[in-house]
Amino acid sequence: MTKQAILLQDNAVKQIIQKLKEKDEITFKSPTGSGKTVMIAKLMSQLLQQDKNLVFIVSSLSKCELAQQNDYTFQTWKTKLKNIDPYLIDSYSGTEQSGVIIEYGHNIYTVPRDLTRKGGRIMSGPLNALIYNLQIQNKKIILIKDECHQAQNNIDAIADEHKFYKKINLSATPQTSKFYIDVEITDNEAIEAKLIKPYEIKGNGNSYDIDKYKELNQAIDIYKKTRSQYQKLFNMNPCLLIQIPNSEKGENELIHLKQLLNKEDLEIKWMYMCDDLKQWDTNDKIKLINKNQWKNEWKKIAKLSNSQIDVIIFKMVITEGWDIQRANMLFQIRETDSETLTEQVIGRIRRNPILTNWLDYSKDAQDIALKSYVWGNVKDKEREFKRVKSVDIPKIEIQTTTLKDLKKVYESNKINLEKFIDKPITNVLNIFELYKHWSSIEEDTHKIVWDHIKTYADWFKFSNFIQEIDLENKRLLQDYKNSIQLDQKVGLAYESYFEVLKVGPNNMQFGPCDIDVQNDKFAWKIISDQDDIDFFFDSQAEREFANKIKRLGKKVWAKNFYPNSKISFEYINITKKHSFPDFILLDNNNQYHIFEVKSFNVSRNHNIDPEEYNEKVMRLREFYKELANKTNYIFYIPIKFLNGWIVYKYRKGNEEERTIDEIIGDINLNL
């Protein structure tokens, strides 16, 4: 995993623990594929370190499959976290004569939602008996509801009746009308940390043509190309998911899909799964497996990274809780207005297939692993997006930068790694503490130290000073005069998109910014059949600043829409980060002006920690000062504070404090 991914997950756990001190019930939102189960395992472990009297009941969807999946993750992490002791409650615990038997003495109990129904084998006594036993021992029970967007009324009633200590709701798509989101890992945060993939919308998916299946043929062509890449780079087969309707129309679609996919020249192996086991089908030899074992065996085979099943056709059966990391494409024939259903299905193709061994692959391989494609009616009732394309105006092309490889920094500074540890070990740490230290360091530090390790004695010596080495390495990389290096020149993406912010009549400061693409020299045009001119930006501050830039008339300018953008600059803020500037302007003298807009005002989505935010801005100021010197661009950090603005301007390594009007005047004079 990337260092940023580990920090993102650990920070979410830290926030949840803090919120639990303030509230008895909280909701945690995190995208599908971002590691919610791992984070919950870490959360439970840290809470148990603080209070050994805690016991967790984890309620999962479905009769058993998602619960088994969660329990497997908990069992895997048990060896690392030591203090968690998970147990899976399922319908096979016990006998028909004795009923379900639940072992006592564990501190985590995972139970499928469907087994908690009234009158069921679990609810007839065993679960209630377990809860009574725990409460007699003065245990404090915390209920964790996985996929809380689905109703779990029975387990909620149990929690209320027995007055559970705390309740934690988890989902990638919680109902905002029902749950207040206390802690969130956003989509963009998960993408930047390489936890999940962004996705590219390639078509509508619903355009059915019995003779040509144009879009599906396009999807299959792209799939076959990615299959070749996956097999060569990752020894893995990717997977194309095709979702069909539940209705009779879906049965007709299935007939035509089979005809198309069975063509010998395609060389495609497919599998069809639905709620009715008898209807499952495939053109692969696994069809010969004993029919009584179909469901379990077929699903297991389909999930394998080297599975030969290229296409999985389904209705609803894999919308939640089925991890298939090799899936990278979705063709959605099914039409749906459900935001939750759409997000859950798309989440199936967004998992990073090489997340755990990310550092073993080249940059080109990593880029391929992070691509996913969607054909479908991707609607979102609460979140609406507009697609944009770049227009034919003077070309914007930006020189990007990265930080040098740490080895080059060492070589240029003639640094010997041994100097960091040429002192006695005063505080000998055990192997578990050393492991934690290794997991907290930067990837660059990890690589360069391992180059010097030949024996266990070397490992032990370096390990006791690894955090000190990592801190020194960060200081070296923050010496931007020596660490910034020019990378590639990149332009705007051909296409991108932005989110349309929903606003009420009293909040129009968050509303759209009308832009006349031709007269305002804006570098984007909305892709629409209608005369659509409403551009939305990420914040009130950005919108206000966009209106300021419009005053500049003939200058060419663009919003750096984050999706699909490669215009970024690498710097250090605790860990390596990429600054994606908000606006880019090209003046009449071909001078680039680059803006990163900030605001200390509270947004409508979350509060701001002023101290933490100020630290982030300070890091950016240090970086932009040297970046302006390296690139010969003029950089700005406009900061909104209450009703006013402060603008830091960087040119040729110098920092000035200016006003908005002064900046506008400078650019108009081509300074």
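Data block above holds the structure.
Counting restarts for each chain, with residues numbered from 1 along the sequence as it is written. Only residues with pLDDT of 70 or above have their local features reported here, since the model is predicted, and side-chain atom pairs are shown and tallied only from 80 upward, although totals for entire chains, interfaces and linings are computed over all residues. For side-chain calculations, the full set of non-hydrogen atoms in the structure is used, while hydrogens and water are omitted.

Enquirer: Please explain the sheet that holds strand β8 (residues 166-171) as it appears in this structure.
Expert: Neighbouring strands of a sheet are bound in pairs by backbone hydrogen bonds; such pairs are parallel or else antiparallel. By the convention used here, strands pair only if DSSP detects at least 2 bridges between them. Only DSSP runs of H or I with at least four residues qualify as helices, and only runs of E with at least two residues qualify as strands; both kinds are numbered from the N terminus onward. Strands sit in the order β3-β6-β2-β7-β8-β1-β9 across an open sheet of 7 strands; the sheet is parallel. With partners counted over all chains shown, the strands left at the sheet margins are β3 (86-88) and β9 (183-184), one partner each. Direction of pairing for strand β2 (residues 54-60) relative to strand β7 (residues 140-145): parallel, over a ladder of 6 bridges. In the sheet register, L54 faces β7, and the bridge partner there is K140. Here, two residues are considered to be in contact whenever any of their heavy atoms come within 4.5 Å of each other. Axis lines are fitted through C-alpha atoms, for helices just across the contact stretch, and the angle between N-to-C directions can take any value from 0 to 180 degrees. Seen against the sheet, helix α1 (residues 3-22) touches β1 (25-29), β8 and β9 and runs at an angle of roughly 165° to β1.

Enquirer: Before we go on, may I ask you to explain helix α7 (residues 214-234) in this structure?
Expert: Given 3.6 residues to a turn, an α-helix orients residues that are three or four positions apart in the same direction. Compared with an ideal rise of 1.5 Å per residue, which puts 21 residues at 30 Å, α7 spans 29 Å between its outermost C-alpha atoms and is within 8% of the ideal. Each residue is assigned to one of three classes by its accessible area relative to the maximum for its type, calculated with a 1.4 Å probe on protein chains only: buried under 20%, partly exposed between the two thresholds, exposed over 50%. For α7, the set of buried residues is E215, L216, A219, I220, I222, Y223, T226, R227, Y230 and F234. The inward-facing, buried residues of α7 contact β10 (200-203), β11 (239-243), α8 (248-261), β15 (327-332), α11 (363-369) and β16 (373-375). An expected span of 1.5 Å times one less than the residue number is assigned to each helix.

Enquirer: Help me understand empty space enclosed by the protein, please; the structure alone is not making it clear to me.
Expert: Any empty space left between atoms is shown by rolling a water-sized probe over those atoms. Of the two site types, the cavity is a set of points on a 1 Å grid over the protein atoms alone where a 1.4 Å probe fits but cannot get out, and the pocket is an open set with protein on both sides within 12 Å along at least five of seven lines, each lined by residues with an atom within 4 Å of a point. Grid points are joined across faces, edges and corners, and a volume is the space filled by probe spheres set on the points. Throughout the structure, instances matching the rule amount to 4 cavities of 30 Å³ or more. A volume near 60 Å³ is recorded for the largest cavity. Surrounding the largest cavity, F545, I549, L552, F595, P638, V647, I660, I663, I664 and I667 form its lining. For the lining of the largest cavity, the secondary structure elements donating two or more residues are α18 (540-550) and α20 (660-668).

Enquirer: In this structure, what is going on with the packing of α7 against α8? I would like to understand it.
Expert: Packed helix pairs are characterised by how far apart their axes lie and by the angle those axes make with each other. Where α7 meets α8, the closest approach of the two axes is 12 Å, and the angle between their N-to-C directions is 45°. With respect to their mutual orientation, α7 and α8 come out oblique. For the pair α7 and α8, the sense of crossing is right-handed. Together, L216, N217 and I220 of α7 and L257, L260 and L261 of α8 make up the contact between the two elements. Residue classes follow a fixed rule: Ala, Val, Leu, Ile, Met, Phe, Trp, Tyr, Cys and Pro count as nonpolar, while Asp, Glu, Lys and Arg count as charged, and any other residue, Gly among them, counts as polar. The class makeup of the residues in the contact of α7 with α8 is 5 nonpolar, 1 polar and no charged. Each angle receives one of four descriptions, namely roughly parallel if under 35 degrees, roughly antiparallel if over 145, roughly perpendicular if within 65 to 115, and oblique otherwise. Here is the rule for handedness: rotate from the far helix to the near one, and if that takes an anticlockwise turn smaller than a right angle the crossing is left-handed, while a clockwise turn gives right-handed.

Enquirer: Mind showing me how you'd approach the side chain of E570 here?
Expert: Structurally, the position occupied by E570 is in strand β25 (residues 569-573). None of His or the chain ends enter the tally, which takes Lys and Arg as positive and Asp and Glu as negative. We define a salt bridge as a side-chain nitrogen of Lys or Arg found within 4 Å of a carboxyl oxygen belonging to Asp or Glu. No salt bridge is formed by the buried E570; the nearest opposite charge belongs to K576, separated by 4.2 Å. In the analysis that follows, any N or O atom pair within 3.5 Å is treated as a polar contact, provided that within protein one partner can donate a hydrogen and the other can accept it, and provided that, for residues neighboring in sequence, both atoms belong to side chains. Looking at E570, its side chain comes within polar contact range of the main-chain nitrogen of L403, at 2.9 Å. With near-sequence residues (within four places) excluded, E570 lies in contact with T401, T402, L403, K576, K577, H578 and F623.

Enquirer: I keep staring at the nonpolar core and nothing clicks. Help me out?
Expert: Side chains of nonpolar character tend, in soluble globular proteins, to be buried together. Remark: nonpolar core denotes a set of buried residues (Ala, Val, Leu, Ile, Met, Phe, Trp, Tyr, Cys) joined through side-chain atoms within 4.5 Å. I398, V449, F535, F583 and F635 are the most contacted members of the largest nonpolar core, which totals 78 residues. Core analysis: the next-biggest nonpolar cluster, separate from the first, contains 44 residues, L216, L257, I309 and M329 among them.

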